[in-house]
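So the chains spell out like this:
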Amino acid sequence: MKIIAGLGNPGREYAQTKHNVGFMLVDALAARWGVTSWQEKSEALVAEVRRGAEKVLLVKPQTYMNESGRALGPLMHFYKLEPEDLIVCHDDMDIPCGTIRIRKKGSAGGHNGIKSILAHVGDEHFARVRVGIGRPAPGWTVVNHVLAPFAAEDAPKIQAAIEYLLPAVECIVDDDVDMAMNRFNPKKQKKKRVAEEKVSESE
């Protein structure tokens, strides 16, 4: 069994803000899998679906971002799940807008939702599916940045990132996070650039 948790803030006023990319991704998964029925459980909206022999819970904590672990900790305990059974989808300011990264563990990196999950789950070994939202513009605070909607030029990048991640999340569920990282994480360009520089030097 797996839990796929999208992080965000409940309420219509937050629906299209940068901090709600996790909700957007889980909603897109629900649409892809034909999920229409959500229930309230452990301070979260929860939908159950099957992928082959695997039961999957789609979860949107309703505790507000900074208390995400308050919803996920009890759900993990109730279903007797290990940290490795958890997949968390969330926004990330440390990567460019529309860029994606999949990780199998790690620190919170300053993300309060992940901090809360680490505190309640007590282990860093859960998968993260990260969607870049970029850094705040000059003069903007972090709070203003994450609670603002996407700029018109950025919205299509986010939609493309979410579409790209749908099969990536399915790969984590059906296979494992390592395979998803190998298949879907952007490839590093450093070696390619070095090779190109050597060619130009020899010409």
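Residues numbered from 1 in each chain as written. Predicted model: local features only at pLDDT ≥ 70, side-chain atom pairs only at ≥ 80, totals over all residues. Heavy atoms only, no water.

Trainee: So what about the side chain of Asn 20? Which residues, and what values?
Mentor: With respect to the element layout, Asn 20 can be found in the loop between strand E1 (2-6) and helix H1 (21-32). The exposure class assigned to Asn 20 is buried, which follows from its relative accessible area of 2%. Ignoring anything within four residues of it in the chain, the contact list for Asn 20 reads Leu 7, Gly 8, Asn 9, Tyr 14 and Ala 15. (Helix = DSSP H or I, 4+ residues; strand = E, 2+ residues; numbered from the N terminus. Buried < 20%, exposed > 50% of the residue type's maximum accessible area, 1.4 Å probe, protein only. Contact = heavy atoms within 4.5 Å.)

Trainee: I'd love a proper account of the pattern of salt bridges, names of residues and values included.
Mentor: Overall, the coordinates contain 12 salt bridges when judged by the stated rule. In this structure, Glu 67 engages Arg 70 in a salt bridge whose closest nitrogen and oxygen atoms are separated by 3.9 Å. Salt-bridge contacts for Asp 94 lead to Arg 135; the nearest nitrogen and oxygen are separated by 2.9 Å. In this pair, Asp 94 sits in the loop between strand E5 (86-92) and strand E6 (100-103) while Arg 135 sits in the loop between strand E7 (127-132) and helix H4 (142-146), placing the two residues 41 residues apart along the sequence. Taken together, the shared-partner salt bridges connect Arg 32, Arg 51, Glu 170 and Asp 174 into one network. (Salt bridge = Lys/Arg side-chain N within 4 Å of Asp/Glu carboxyl O.)

Trainee: So what's going on with the sheet that holds E7? Residues and values would help.
Mentor: The strand order E2-E3-E4-E1-E5-E7-E6 describes an open sheet built from 7 strands, whose pairing is mixed. Only two strands of the sheet have a single neighbouring strand rather than two, namely strand E2 (39-41) and E6. This sheet shows a mean twist of 25° between the axes of neighbouring strands, independent of strand direction. Where strand E3 (residues 44-51) lies against strand E4 (residues 54-61), 8 bridges are found, and the strand directions are antiparallel. (Pairing = 2+ DSSP bridges. Axes fitted to C-alpha atoms, helices over the stretch in contact; angles between N-to-C directions.)

From the geometry alone we can't say anything about function, so treat these as descriptive.
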